[in-house]
Amino acid sequence: MGAKEGFLQFKRETPITRDPKERIGDYQEIYEPFSAEKLNHQAARCMDCGVPFCHQGCPLGNVIPEFNDAVYQQNWQEAIEILRSTNNFPEFTGRICPAPCEASCVLGINKDPVTIELIEKNIAEKAYELGLIQANPPQARTGKHVAIIGSGPAGLAAADQLNQAGHEVTVFEKDAKPGGLLRYGIPDFKLEKWVIDRRIELMKQEGVIFICNSDVGFNIKVENILRNFDAVVLATGAQQPRALNIKGSDLKGVHFAMEFLGKQNQVIGGEIEENPISAKGKHVIVIGGGDTGSDCIGTSNRHGAESVTQLELLPKPPKQRTVLNPWPEWPMTLKTSSSHEEGAERIFSILTKEFTGNEQGEVTGLKLVDIEWLEKDGRMTFEEVAGTERTIPCDLAFIAIGYLGPAQNGLLEAFGVEAMENTLPKSKNYQSTNSKVFLAGDMRRGQSLVVWAISEGREAAVKVDEYLMGSSSLPQKDESYFHIEDEIHGVD
């Protein structure tokens, strides 16, 4: 390990953010540069635990103490080699991962955990700066052809792994540019798109083929994909949003979050001139307290909204862990995002009742009521608080309450993939009920994190490689992991 008592000598420190009043005038990354000396101190805080629980917290199984030590020793070659051995895209996760590894950091038992995500981002950026990340095409090709449907983090990870295994990989993307949710869901102030473009260019140099504006099942026939490729990986994400089934939800001005966020990213990317959904001068209501709702807040403030209010059905979380939420569980504590800092009212324990509108069919208000959470028969439920029903101004509403699973557009059926009752497709070891078709990412496991999507893509690639070649030399998780996953995904 590096500094023997680094966790005692140095406190947790992260980059400062640009002034909220300044940064809402642009869509650039919000963080100021972080000095090399400070980064070295943060790496020194890693205790090199006998049992590093950060491994358990990371869906990718990143070898965290080892790359922290390499950063402390300023051995960037070793650091990026360790990180790339488990993570195809550390420049993505180092920016947008909620860092479950940090929640599991042993130092977090009684001190602030190590800044693992920050260190990961800086390893990637330093490696690019020093030329340590270069195109590395496979030395030999197998002659096998694999189609990846969807270029989000799961599809990209599967493509990267299968290409390195020597297969000819073609990625089909329905939108104008690759990246999926990374490009068309996550705002630029969290992930500037040059970061994606840089990685896509490397993958192209390594031999991966990207075909955009290609909506498989619509302008590209499924039978052509099945006929021309030896294996297929479906990685189209969980595109079916959960609806808010209350009166008035069909009024003009009530939108699903991604309708707004995706169009804004297209504006910044130069694909369209302006966002057809404008928050300028409007009273904006965001329904849903997660990251997507937070992204709507940040984007609305950049539009110049008159006010932004975020509503959450659940009660306000505590600021610190409770005895019922001990380390190393994910901390169910109050999260304040950079978008919240830029301005928004947050209201918890609220039930939405009805959107109200005018004669033109435009939303003008939202009727809501306070609720009280109670435990009944061992389950949590809620009751409305009498006398608290009211209507608040609402010119624009964004529904951000999650996703149900794959888009219900006939794609799974066209590929001969059976689904479970919850609409998620059946799978065993990432293989669908059509032996030639494999599944990865949110469309297989349901709405989740980018880091989980990358893990899914990597593990699916192993199973595709085994299907094509009989065995695989690609790195994979322990086999017991797959048995647990099969129980979850409906295959005996």
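Only a predicted model underlies this, so the values are computations on that prediction, with no experimental measurement involved. Numbering of residues begins from 1 in every chain and follows the order in which that chain's sequence is written. Residues qualify for local features only when their pLDDT is at least 70, as the model is predicted, and side-chain atom pairs are given and counted only at 80 or more; totals for whole chains, interfaces and linings, by contrast, use all residues. With hydrogens and water set aside, each side-chain value is computed from the structure's full complement of heavy atoms.

Enquirer: Could you give an account of the overall build of the protein, with specific residues and numbers?
Expert: Helix numbers and strand numbers start at the N terminus; a helix is a DSSP run of H or I with at least 4 residues, a strand a run of E with at least 2. A count of helices and strands for the protein gives 20 helices and 16 strands. We compute the radius of gyration over the C-alpha atoms and compare it with the globule rule, which gives 2.2 Å times the number of residues raised to the power 0.38. Taken against the 2.2 N^0.38 rule, which gives 23 Å for 492 residues, the C-alpha radius of gyration of the protein at 23 Å falls within 12% of a compact globule. Buried residues in the protein amount to 51% of all 492 residues. The long-range share in the protein, meaning contacts at least 24 apart out of those at least 6 apart in sequence, stands at 68%. In this count, Lys and Arg are taken as positive residues and Asp and Glu as negative ones, while His and the chain termini are left out. To locate a charge, the coordinates of NZ of Lys, CZ of Arg, CG of Asp or CD of Glu are taken. Taken together, the 50 basic and 70 acidic charged side chains of the protein have centroids lying 1 Å from each other. Accessibility here uses a 1.4 Å probe with only protein chains present; expressed as a share of the type maximum, an area under 20% marks a residue as buried, one over 50% as exposed, and anything in between as partly exposed. Throughout, a contact is declared for two residues whenever any of their heavy atoms are within 4.5 Å.

Enquirer: Account for the confidence of the model for the protein, with residues named and values stated.
Expert: Looking at the protein as a whole, the pLDDT averages 95, with 97% of positions reaching at least 70. Every residue gets a pLDDT, meaning the predictor's confidence in that residue, from 0 to 100. Low pLDDT, under 50, characterises residues 480–484; the stretch is placed with 11 contacts to residues that sit more than four places away or in other chains.

Enquirer: Tell me about the packing of aromatic side chains, and please be specific about residues and values.
Expert: To pair, rings of Phe, Tyr and Trp, with the six-membered ring standing in for Trp, must have centres within 6.5 Å; the planes then decide the type, stacked if under 30 degrees apart, edge-to-face if over 60, and tilted in the middle. Applying the stated criterion to the full structure yields 6 aromatic pairs. With a centroid separation of 4.8 Å and 55° between ring planes, the pair formed by Phe53 and Trp327 is classed as tilted. Residue Phe53 is found in helix α4 (residues 53–57), and its partner Trp327 is found in the loop between β8 (307–312) and α16 (338–341); the two are separated by 274 residues along the sequence. On the basis of relative accessibility, which here comes to 22%, the residue Trp327 falls in the partly exposed class. On the numbers, 5.2 Å between centres and 65° between planes, the contact of Trp373 with Phe382 is edge-to-face. Among the residues examined, Trp373 registers a relative accessible area of 22% and is labelled partly exposed.

Enquirer: Give me the pairing of strand β10 (residues 350–357): which residues, what numbers.
Expert: Pairs of strands are assigned from DSSP output, requiring at least two bridges between the strands. Bridge count for β10 against strand β11 (residues 363–376) is 7 bridges, and the pairing is antiparallel. Note that in β11 the partner of Phe355 across the bridge is Leu366. As consecutive antiparallel partners, β10 and β11 are separated by 5 residues, and within that stretch Gly361 has a phi angle of approximately 80°, a positive value.

Enquirer: Outline the sheet that holds strand β9 (residues 345–348), listing residues and values.
Expert: Taken together, 5 strands build an open sheet; the order of strands is β6-β14-β7-β8-β9 and the sheet is parallel. Unpaired on one side and paired on the other, β6 (254–256) and β9 mark the two borders of the sheet. Shown here is a sheet whose adjacent strand axes are inclined to one another by a mean of 20°, direction ignored. In this description, a line fitted to the C-alpha atoms serves as the axis of each element, helices being fitted only across the stretch in contact, and the angle between N-to-C directions of two axes falls anywhere from 0 to 180 degrees. Here helix α14 (residues 257–268) sits on the sheet in contact with β6 and β14 (396–399), set at roughly 75° to β6. Set on the sheet, helix α15 (residues 291–303) makes contact with β7 (283–287), β8 and β14; between it and β8 the angle comes to about 175°.

Enquirer: Tell me what's going on with a negative patch on the surface, and back it up with residues and numbers.
Expert: A cluster of acidic residues, Asp48, Glu66, Glu78 and Glu81, forms a negative patch on the protein surface. Assignment of secondary structure puts Glu81 in helix α6 (residues 76–84). Like charges within 9 Å and nonpolar side chains (Val, Leu, Ile, Met, Phe, Trp, Tyr) within 5 Å are joined into patches, using only residues over 30% in relative accessible area that form no salt bridge. Note on areas: Shrake-Rupley, 1.4 Å probe, and residue coverage restricted to the protein chains presented here. Each salt bridge in this description consists of a side-chain nitrogen of Lys or Arg and a carboxyl oxygen of Asp or Glu lying within 4 Å of one another.

Enquirer: Can you explain the sheet that holds strand β2 (residues 168–172)? Please cite residues and give values.
Expert: Pairing in this open sheet of 5 strands is parallel, and the strands run β3-β2-β1-β4-β16 from one edge to the other. Single-partner strands in this sheet number two, and they are β3 (209–211) and β16 (437–439). Averaged over all pairs of adjacent strands, the angle between their axes in this sheet comes to 20°, without regard to strand direction. As paired strands, strand β1 (residues 145–149) and β2 are joined by 5 bridges and run parallel to one another. Directly across from Ile149, in β2, lies its bridge partner Phe172. Helix-sheet contacts for helix α10 (residues 153–164) involve β1, β2, β3 and β4 (231–234), and the interaxial angle to β1 is about 170°.

Enquirer: Describe helix α19 (residues 450–469), naming the residues involved and giving the relevant values.
Expert: In this scheme, a helix's expected span is set at 1.5 Å multiplied by one less than its residue total. Compared with an ideal rise of 1.5 Å per residue, which puts 20 residues at 28 Å, α19 spans 29 Å between its outermost C-alpha atoms and is within 8% of the ideal. Where α19 terminates, the next one or two residues include Gly470, which has phi positive at roughly 95°.

Enquirer: Talk me through the environment of Arg444; I want residue IDs and the actual numbers.
Expert: Here Arg444 lies in helix α18 (residues 442–445). When its relative accessible area of 1% is taken as the criterion, Arg444 is described as buried. Measuring from C-alpha to C-alpha, the distance between Arg444 and Gln42 comes to 36 Å, with 402 residues separating the pair along the chain. At 3.2 Å, the side chain of Arg444 and the side chain of Ser427 are in polar contact. Polar contact is defined as a pair of N or O atoms within 3.5 Å, subject to the rule that within protein one atom must be able to donate a hydrogen and the other to accept it, and that residues adjacent in sequence are counted only when both atoms are side-chain atoms.

Enquirer: Which residues make up the nonpolar core, and what values do they have?
Expert: In this structure, Ile123, Ile148, Leu182 and Val233 are the most contacted members of the largest nonpolar core, which totals 68 residues. Residue contributions to this core peak at 9 residues, all from α19. Contacts of Leu182, omitting those with residues within four sequence positions, involve Phe92, Ile96, Pro153, Leu156, Leu191, Lys193, Ile196 and Val450. Buried residues of nine kinds, namely Ala, Val, Leu, Ile, Met, Phe, Trp, Tyr and Cys, make up a nonpolar core once their side-chain atoms join them within 4.5 Å.

Enquirer: Describe the environment of Val385, with residues and values.
Expert: Secondary-structure assignment places Val385 in the loop between β12 (379–384) and β13 (390–393). Distance from Val385 to Val267, taken between C-alpha atoms, is 43 Å for residues 118 residues apart in sequence. When neighbours within four sequence positions are excluded, Val385 is seen to be in contact with Val369, Asp370, Ile371 and Glu372.

Enquirer: Let's hear about helix α5 (residues 64–72): which residues, and what values?
Expert: Of all the positions in α5, only Ile64, Pro65, Phe67, Asn68, Ala70 and Val71 are classed as buried. A positive phi of about 60° marks Gln74, the residue just after α5.

Enquirer: Describe the packing of α5 against α6, with residues and values.
Expert: Close contact between α5 and α6 brings their axes to 8 Å; oriented N to C, the two are set at 160°. Relative to α6, the element α5 lies roughly antiparallel. The handedness of the crossing between α5 and α6 is left-handed. The residues of α6 that touch α5, namely those facing Glu66, Phe67, Ala70 and Val71, are Trp76, Glu78, Ala79, Ile82 and Leu83. The classification used treats Ala, Val, Leu, Ile, Met, Phe, Trp, Tyr, Cys and Pro as nonpolar, Asp, Glu, Lys and Arg as charged, and all other residues, Gly among them, as polar. Classifying every residue of the contact of α5 with α6 by side-chain character gives 7 nonpolar, no polar and 2 charged. These descriptions rest on fixed angle ranges, namely under 35 degrees for roughly parallel, over 145 for roughly antiparallel, 65 to 115 for roughly perpendicular, and the rest for oblique. Handedness of a helix crossing follows the sense of rotation of the near helix relative to the far helix, less than a right angle counterclockwise being left-handed and clockwise being right-handed.

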